[in-house]
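The lines below spell out each chain.
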Amino acid sequence: MTAIEIKGLTKIYKGKGGAPDKHAIKGIDLEIPRGSMFGLLGPNGAGKSTTINILAGLVNKTSGSAKIWGFDVDENPRNARVNIGVVPQELLFDAFFTPREMLEVQAGMYGVPKAERRTEELLKAVHLFDKADAYSRSLSGGMKRRLLLAKALVHNPPVLVLDEPTAGVDIELRQQLWDYVRELHARGTTVVLTTHYLEEAQELCDTIAIINHGEVVCCEPTAQLLKRIDEKEVIIQFTETLSAVPAPLMHFNAVLKGEHQIAVQINQKDANVGAVLAAVQQTGLTINDISTNETDLEDIFLQLTSNKGKAA
Ligand SMILES: Nc1ncnc2c1ncn2[C@@H]1O[C@H](COP(=O)(O)OP(=O)(O)OP(=O)(O)O)[C@@H](O)[C@H]1O
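Calculation criteria
- Residues numbered from 1 in each chain as written.
- Predicted model: local features only at pLDDT ≥ 70, side-chain atom pairs only at ≥ 80, totals over all residues.
- Domains from an automatic or database assignment.
- Near = placed C-beta within 6 Å.
- Helix = DSSP H or I, 4+ residues; strand = E, 2+ residues; numbered from the N terminus.
- Nonpolar A, V, L, I, M, F, W, Y, C, P; charged D, E, K, R; others polar.
- Contact = placed C-beta atoms within 7 Å.
- Pairing = 2+ DSSP bridges.
- Axes fitted to C-alpha atoms, helices over the stretch in contact; angles between N-to-C directions.
- Core = buried A, V, L, I, M, F, W, Y, C linked by C-beta atoms within 7 Å.
- Buried ≥ 20, exposed ≤ 12 C-beta atoms within 10 Å, placed from the backbone.

**Q** Could you clarify how one ought to interpret the domain arrangement of the chain in this entry?
**A** A common way to express how large an interface is: the accessible area buried when the components associate. Partitioning the chain into structural domains gives domain 1 (2-212) and domain 2 (231-301). Taking only C-alpha atoms into account, the centre of domain 1 sits 46 Å from that of domain 2.

Set out below in structure tokens:
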């Protein structure tokens, strides 16, 4: 069973005052399994918040469908809503409510009976108990974000979605925030987070979808995505003029690059630079220069988010 299932989701924001319409998302399909820690990665403006805000009921989709915990957001909006808690990116607050009041009001909106409310427990969990009765406007950005996290949890939803949760949160508090999110995940909550910090997604998420210009450009288990990082390119410059890849290098993934240069892609699990060098020796050719290029998640991300779907 999926926690979230999105099919052919699109969103067009109507242009105001003669501005062109904005196709913010262009037919997204996503299946987020129950129990996963799922990362939605993408550059600014990719469509992450729009997708999340549709799930949160804050933005109306243009077409397509979305199910939360098996409930269609159109056909069964109430059931869809109680199964998700969203921590939005924007720190929007009613400045005159205290954190305690805010959580109580939210619990009331979700119909959580007084006896089942967890206001104090949640405030403690997000390290805001000492601010329980302070005006929310006096809280720092990081505190506000943690308060929004507590607010998203008042109805104990099985799916927690965090939109750029660590924006404006300092390193120490970021660690605390992740410890708590990890704890919720360990207790069975499905967690979906958007971020443009690759390392954060890599460290926390079991599956990563990369979204760019309103389209999903890849969605795979983090370990699989990271395997691509094991690729390394060795570039060998020979003195002699070459017309083809020399025979000893043919069983590697080697290509001729110009008259003097060969580029060999090696997956570090299958081969190593030493093996390539041994094969180069066997060619009997004279090496002029050797260099290597490492690939990292940043490269993969750039590769996947460049030259794709640039048109609006
Ligand atoms: N209310 C709106 N009206 C018009 N255009 C919008 C609106 N909200 C978002 N957009 C546009 O839709 C596109 C997707 O925006 P969205 O906020 O979903 O991206 P994002 O991936 O979350 O980026 P960021 O990390 O910067 O928030 C952007 O080009 C944005 O300018």
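Let us keep going from here.
**Q** What exactly am I supposed to notice about the site of the ligand here?
**A** Taken together, Y13, K22, A24, G42, N44, G45, A46, G47, K48, S49, T50 and Q89 form the complete shell of residues around the ligand. Counting residues per element, the ones that place at least two in the shell around the ligand are strand 2 (22-33) and helix 1 (48-55). When residues in the shell around the ligand are grouped by element, the largest group, three residues, is from helix 1. Classifying every residue of the shell around the ligand gives three nonpolar, seven polar and two charged.

**Q** So what exactly am I meant to see when it comes to the environment of E121 here?
**A** Residue placement: E121 occurs in helix 4 (residues 119-125). Spatially, the C-alpha atoms of E121 and A150 are 9.4 Å apart, while their sequence positions differ by 29 residues.

**Q** Which parts of the structure should I look at to understand the environment of N53?
**A** In this structure, N53 sits in helix 1. When the C-alpha positions of N53 and P88 are compared, they lie 7.9 Å apart, and in sequence the two are 35 residues distant. Aside from chain neighbours lying at most four places away, what touches N53 is L58 and V59.

**Q** Even after reading the chapter, I still don't get the sheet that holds strand 1 (residues 2-13), so can you show me in this structure?
**A** Within a sheet, each strand pairs with its neighbour through backbone hydrogen bonds, oriented either parallel or antiparallel. Read from one edge of the open sheet, four strands run 2-1-4-5, paired in antiparallel fashion. The sheet terminates laterally at strand 2 and strand 5 (71-72), the two strands that pair on one side only. Two elements, strand 1 and strand 4 (residues 63-68), share five bridges in a ladder whose sense is antiparallel. Across the sheet, residue K7 finds its bridge partner in strand 4, namely S65. Helix-sheet contacts for helix 1 involve strand 1, strand 2 and strand 4, and the interaxial angle to strand 1 is about 115°.

**Q** Honestly, the nonpolar core in this entry has me stumped. Any pointers?
**A** A general feature of soluble globular proteins is that nonpolar side chains tend to end up buried together. Counting residues in hydrophobic clusters, the biggest one holds 60 residues, and the most contacted among them are L55, I68, A150, V159, V161 and V192. At six residues, the largest contribution of residues to this core is made by helix 5 (residues 141-152). Ignoring any residue separated from it by four or fewer positions in sequence, one finds A150 in contact with L103, L122, L123, V126 and L128. Membership of the second largest hydrophobic core comes to 10 residues, among which are V234, I236, L249 and A254.

**Q** Sorry, what's going on with the sheet that holds strand 7 (residues 159-163) here?
**A** Here six strands make up an open sheet; going across it, the order is 6-7-8-3-9-10 and the pairing mixed. Only two strands of the sheet have a single neighbouring strand rather than two, namely strand 6 (84-87) and strand 10 (215-221). Across the sheet, the mean angle separating the axes of adjacent strands is 15° when strand polarity is ignored. Pairing of strand 3 (residues 37-41) with strand 8 (residues 190-195) involves five bridges; the strand directions are parallel. Opposite L40, over in strand 8, you have T194 as the bridge partner. Lying on the sheet, helix 1 is in contact with strand 3, strand 6, strand 7, strand 8 and strand 9 (207-212); it crosses strand 7 at an angle near 145°.

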